[in-house]
Amino acid sequence: MRRAGVLTLLLAVPSSAVVRFHCSQLVVERLDPLVNPGSIPSSHVHQIVGGNAFNATMDPSRDLPAESSCTTCQFSDDFSNYWTAVMYFRAQNGSYKRVPQLGNNQFETARGGLTIYYMQDAIYDRGQKSKVQAFKPGFRMFVGDIAARTLTEAARSRQLTYVCMDTWTSRAPETMAFPTRRCPEGIMTSLRFPTCWDGKNLDSPDHASHMSYPETGTFESGGPCPASHPVRVGQVMYEVVWDTKQFNDLEWPADGSSPFVWSFGDATGFGTHGDYVFGWKGDALQRILDAPCWFDTNCAKESNSTLQSVEAMNSCSQERVVDEDIDGWLDVLPGGFHVDHGRG
Ligand SMILES: *[C@@H]1O[C@H](CO)[C@@H](O)[C@H](O)[C@H]1NC(C)=O
Ligand SMILES: *[C@@H]1O[C@H](CO)[C@@H](O)[C@H](O)[C@H]1NC(C)=O
Ligand SMILES: *[C@@H]1O[C@H](CO)[C@@H](O)[C@H](O)[C@H]1NC(C)=O
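Residues numbered from 1 in each chain as written. Chains lettered and ligands numbered in written order. Predicted model: local features only at pLDDT ≥ 70, side-chain atom pairs only at ≥ 80, totals over all residues. Heavy atoms only, no water.

The chain appears in an unreviewed UniProt entry as DUF1996 domain-containing protein from Parachaetomium inaequale.

Structure, rendered in structure tokens:
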């Protein structure tokens, strides 16, 4: 369905910028320089992509493009770091196994990682023409709530969703909880960040309150930013494909609940979250956001940016600094987390 939509749009001249590109896995380990800076290990396991200057301390004064010698992202000028928690399968005997990741549609040969979008406008409803501002060096943000275990709590961070993929290109229906049925092609998680910035702070104590959702409506409907957060920035969205296929043949919970848990123990799915640390070189991101363009190749052409091959993306990686088993069958999740169904 989406494939047909993309083809239709490719035939039309883009009127705004929607760039979509992939970043392969940089490293999977317990580091979180945003929420637990300096902690080796941090609380729970993350999967991280982007520039290889990533480490346990990401002071806003660091110059990521200068400190990185490679990036796992397709745009050669993107040394940002993007990360999410990782998913585990919980077997009926109580053991956990990490769910591997796949490259996304059109990036099948990528080593896991995530697909990133920066949108000047919504993907489908593309009536907006106003420019959006790129982020500044040192900017970072967080979306989601690790402690959320109910739909009401999760709904405060709009647009963090799951798709049970019947086919490789399934993008609907979206749910806010873990899917409870076996998904033939895996589970896609999507995280859309807020799009209104206070225009002053590169970060905030909770890494979220310098950002806001539109005052009314949504980014997609062209809703205005509130006076407290007047600067409209591009919408950042992550898509992550979790390869749950190998677990479809195992026994699942008899009560019909999902056997998947996040690396911090959440079995509801409502605690899904994402972290973002801006690290584009010079004005590279602004050039893309200012160029009416579509996806990777066209946006690179229209903004005079360079793309690297998937092979080059895959060749950039980091050694783990936290030495622990995160991939075998585990009795407890790394960091000591147990399954949390959030049932009071
Ligand atoms: C992270 O990188 C910075 C800059 O290279 C360095 O000063 C710092 O010591 C590193 N921190 C760790 C924990 O490796
Ligand atoms: C738990 O179940 C999984 C899946 O069936 C199996 O592979 C694993 O060996 C079991 N672990 C233990 C400790 O029995
Ligand atoms: C790309 O380069 C061409 C040729 O140098 C220039 O005319 C054009 O303005 C540039 N476009 C952007 C978006 O920088």
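Tell me what's going on with the state of the cysteines, and back it up with residues and numbers.
Taken as a whole and judged by the stated rule, the model has five disulfides. Cys-70 shares a disulfide with Cys-316; S-S distance 2.0 Å. Measuring the twist about the S-S bond at about 75 degrees, one finds the Cys-70-Cys-316 disulfide to be right-handed. Placement of the pair is Cys-70 in the loop between helix H2 (64-67) and strand S4 (81-85) and Cys-316 in the segment after helix H6 (310-314), with a sequence separation of 246 residues. Taking relative accessible area as the criterion, Cys-316 reaches 1% and is therefore assigned buried. The disulfide that involves Cys-293 links it to Cys-299, with 2.1 Å between the sulfurs. Because the sign of the S-S torsion sets the handedness, a value of about 90 degrees for the bond joining Cys-293 and Cys-299 places this disulfide among the right-handed ones. Given a relative accessible area of 0%, Cys-299 falls into the buried group. (Disulfide = S-S within 2.5 Å. Helix = DSSP H or I, 4+ residues; strand = E, 2+ residues; numbered from the N terminus. Buried < 20%, exposed > 50% of the residue type's maximum accessible area, 1.4 Å probe, protein only.)

So, the site of ligand 1: which residues are in play, and what are the values?
All residues adjacent to ligand 1 are Asn-55, Thr-57, Arg-62 and Glu-67. Asn-55 is positioned with one of its side-chain polar atoms (N or O) 2.3 Å from an oxygen atom of ligand 1. A distance of 3.4 Å separates a nitrogen atom of ligand 1 from a polar side-chain atom of Thr-57. Its residues placed into classes, the shell around ligand 1 shows no nonpolar, two polar and two charged. (Near = heavy atom within 4 Å. Polar contact = N/O pair within 3.5 Å; in protein donor to acceptor, adjacent residues only side chain to side chain. Nonpolar A, V, L, I, M, F, W, Y, C, P; charged D, E, K, R; others polar.)

Tell me about the site of ligand 3, and please be specific about residues and values.
In the vicinity of ligand 3, the contacting residues are Arg-287, Glu-302, Ser-303 and Asn-304. Taking Asn-304, its side chain carries an N or O atom lying 2.3 Å from an oxygen atom of ligand 3. Bound to the protein, ligand 3 loses 30% of the 360 Å² it would expose on its own. Tallied by class, the residues present in the shell around ligand 3 amount to no nonpolar, two polar and two charged. (Areas by Shrake-Rupley, 256 points an atom, 1.4 Å probe, with all protein chains shown as cover.)

Kindly report on the packing of aromatic side chains, identifying the contributing residues and their values.
Considering all chains together, one arrives at 27 aromatic pairs under this definition. Arranged with centres 5.0 Å apart and planes meeting at 55 degrees, the rings of Tyr-162 and Phe-178 form a pair that is tilted. One end of the pair, Tyr-162, is in strand S10 (residues 160-164); the other, Phe-178, is in the loop between strand S11 (174-175) and strand S12 (187-192), and 16 residues separate them in sequence. Here the aromatic rings of Phe-247 and Phe-260 are separated by 6.4 Å at their centres, their planes lie at 75 degrees, and the arrangement is edge-to-face. On the criterion of sequence distance, the pair formed by Phe-247 in the loop between strand S16 (235-242) and strand S17 (260-262) and Phe-260 in strand S17 is long-range, its members being 13 residues apart. On the basis of relative accessibility, which here comes to 1%, the residue Phe-260 falls in the buried class. (Phe/Tyr/Trp six-rings, centres within 6.5 Å; stacked < 30°, edge-to-face > 60°.)

Can you lay out the sheet that holds strand S9 (residues 140-144) for me, pointing to particular residues and giving the numbers?
Spatially, S2-S3-S4-S18-S9 is the arrangement adopted by the five strands of the open sheet, whose pairing is antiparallel. The outermost strands of the open sheet, each flanked by one partner alone, are strand S2 (25-29) and S9. Between one strand axis and the next, the sheet turns through 15 degrees on average, direction left out of account. Note: strand S3 (residues 46-50) against S4, five bridges, orientation antiparallel. Among the inter-strand pairings, Gln-47 is bridged to a residue of S4, identified as Thr-84. (Pairing = 2+ DSSP bridges. Axes fitted to C-alpha atoms, helices over the stretch in contact; angles between N-to-C directions.)

Requested: an account of the pairing of S3, with residues and values cited.
Taking burial as the measure, the five residues of S3 include five buried ones, the bulk of the element. Every second residue of S3 is oriented toward a common face, with His-46, Ile-48 and Gly-50 on one face and Gln-47 and Val-49 on the other, all of them buried. Bridge count between S2 and S3: four bridges; the pairing is antiparallel. Paired with Gln-25 across the two strands is Val-49, which belongs to S3.

Explain the pattern of salt bridges to me, and be specific about the residues and the numbers.
The tally for this structure, following the rule as stated, stands at 13 salt bridges. Here Lys-245 makes a salt bridge to Asp-243, at a shortest N to O gap of 3.0 Å. Residue Asp-243 is classed as buried on the basis of its relative accessible area, which comes to 16%. The network of salt bridges with common partners includes Arg-20, Arg-171 and Glu-239. (Salt bridge = Lys/Arg side-chain N within 4 Å of Asp/Glu carboxyl O.)

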